[in-house]
Amino acid sequence: MAEKSETTTDKLRKVSTATIATCLFKKGLKNQFIQDVKPVKSGKPTMVGKAYTLRYIPAREDLNPITVFQNPRHLQRVAVEECPKGYVLVIDSRKDARAASAGSILATRLMVRGVEGMVTDGGFRDAGEIADLNFASYHNRPTAPTNLTLHQAIAVNEPIGCGDVAVFPGDFIVGDDDGVMVIPSEIADIVADECLQMTQFESYVMSEVQKGRSIIGLYPLTDKAYSAQFKQWMFLKNKL
């Protein structure tokens, strides 16, 4: 099982979130793109990992003084210390970026522990510092206030909503400059294989379009002549 997961991860690193979105749409899944979330810094390698989740509810002042951080079992801290290596910490902040979901110290701790990245539908503080880390991070926008002013960590590694998408622990999370896709764990390997095939075909299409070819009959592939040319293109590519 572990080998299959690693293979799936390797495959998904080679495809785009746009290709994944189309693949999932073909399977009837239309709402797997986390809304209003973008990379803290674009141009980083594709983020791929299984989801480990943290859920916030609205903070209540009597339960969230600054002293709660002294509790070693505070769930935000638990999530940072227990999110497995290679996973993505996905935070349900109820699409509320008025207070931070995390900051640069927690992001650095996740990075040092080998976590793949973090995603929130809220915001991160210390965004400039997080951007400079060798670590994938996605949020709505920078925000300065501590999470305690608006967010109470209430559950770890349970199903959550993030940017209007259901995220279950173990789902595959893929992020690039376009944003973040959520792939149900049960179909992740199938999706990875299909997306690799789609990516190869799109590379062929791009090479033809750059030569001046019309997309009619080519994209989508309805012309048998193009189908034969694609097979020849793949044959030659695989020989190199």
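Model, not experiment: these values are computed from the prediction.

About the cut-offs
- Residues numbered from 1 in each chain as written.
- Predicted model: local features only at pLDDT ≥ 70, side-chain atom pairs only at ≥ 80, totals over all residues.
- Heavy atoms only, no water.
- Axes fitted to C-alpha atoms, helices over the stretch in contact; angles between N-to-C directions.
- Helix = DSSP H or I, 4+ residues; strand = E, 2+ residues; numbered from the N terminus.
- Parallel < 35°, antiparallel > 145°, perpendicular 65-115°, else oblique.
- Contact = heavy atoms within 4.5 Å.
- Nonpolar A, V, L, I, M, F, W, Y, C, P; charged D, E, K, R; others polar.
- Buried < 20%, exposed > 50% of the residue type's maximum accessible area, 1.4 Å probe, protein only.
- Pairing = 2+ DSSP bridges.
- Patch = residues over 30% accessible without salt bridge, like charges linked within 9 Å, V, L, I, M, F, W, Y side chains within 5 Å.
- Areas by Shrake-Rupley, 256 points an atom, 1.4 Å probe, with all protein chains shown as cover.
- Salt bridge = Lys/Arg side-chain N within 4 Å of Asp/Glu carboxyl O.
- Phe/Tyr/Trp six-rings, centres within 6.5 Å; stacked < 30°, edge-to-face > 60°.
- Lys NZ or Arg CZ within 6 Å of the ring centre and 35° of its normal.

## A closer look at the packing of helix α3 (residues 75-82) against helix α4 (residues 104-112)
Then comes step 1: Close contact between α3 and α4 brings their axes to 8 Å; oriented N to C, the two are set at 30°. Our classification of the angle between α3 and α4 gives roughly parallel. Residues Q76, R77, V80 and E81 of α3 form the contact with α4, whose participating residues are L106, R109 and L110.
Then comes step 2: Among the residues making up the contact of α3 with α4, the classes are represented as three nonpolar, one polar and three charged.

## So, unusual backbone geometry
Then comes step 1: Looking along the chain, the bond that leaves Y219 and enters P220 is cis, with omega of 10°.
Then comes step 2: With respect to the helices and strands, P220 occurs in the loop between α6 (188-210) and α7 (224-239).
Then comes step 3: Positioned with a positive phi, R94 is a non-glycine residue whose angle comes to about 60°.
Then comes step 4: Here R94 lies in the loop between β3 (88-92) and β4 (100-102).
Then comes step 5: Unusually for a residue other than glycine, K95 sits at a positive phi of about 60°.
Then comes step 6: For K95, the position within the fold is in the loop between β3 and β4.
Then comes step 7: Take K95: its relative accessible area is 47%, and that puts it in the partly exposed class.

## Structural notes on the pairing of strand β9 (residues 151-156)
Side-chain direction in a regular strand flips from residue to residue, so the side chains alternate between the two faces of the sheet.
Then comes step 1: Taken across its six residues, β9 has five buried, putting it largely inside the fold.
Then comes step 2: The sheet contact formed by strand β2 (residues 47-58) and β9 spans five bridges and is antiparallel. Each bridged residue has a counterpart across the sheet, and for R55 the counterpart in β9 is A155.

## Comments concerning a nonpolar patch on the surface
Then comes step 1: A cluster of nonpolar side chains, V209, I215, I216 and Y219, forms an exposed patch at the surface whose accessible area comes to about 390 Å².
Then comes step 2: Here I215 lies in the loop between α6 and α7.
Then comes step 3: I215 sits in the partly exposed class, given a relative accessible area of 44%.

## Considering the sheet that holds strand β6 (residues 123-124)
Then comes step 1: Spatially, β4-β6-β8 is the arrangement adopted by the three strands of the open sheet, whose pairing is parallel. The strands lining the two open edges of the sheet, one partner per strand, are β4 and β8 (141-142).
Then comes step 2: For β4 and β6, the ladder comprises two bridges, and the chain directions are parallel. What sits directly across from A100, in β6, is G123.

## Description of the packing of aromatic side chains
Then comes step 1: Counting across every chain of the model gives five aromatic pairs.
Then comes step 2: Seen in terms of ring centroids, F201 and Y204 are 6.2 Å apart; in terms of plane orientation they differ by 40°. Their pairing is tilted. Placement of both F201 and Y204 in helix α6 is noted, with a separation of three residues, approximately one turn of the helix. As far as burial versus exposure is concerned, F201 and Y204 are alike and both buried.
Then comes step 3: Members of the aromatic cluster, each reached through a chain of ring pairs, are F201, Y204, F230 and W233.
Then comes step 4: Across from the ring centre of F69, 3.8 Å away, lies the NZ or CZ of R77, which sits over that ring.

Function cannot be inferred from these measures alone, as they are strictly geometric.
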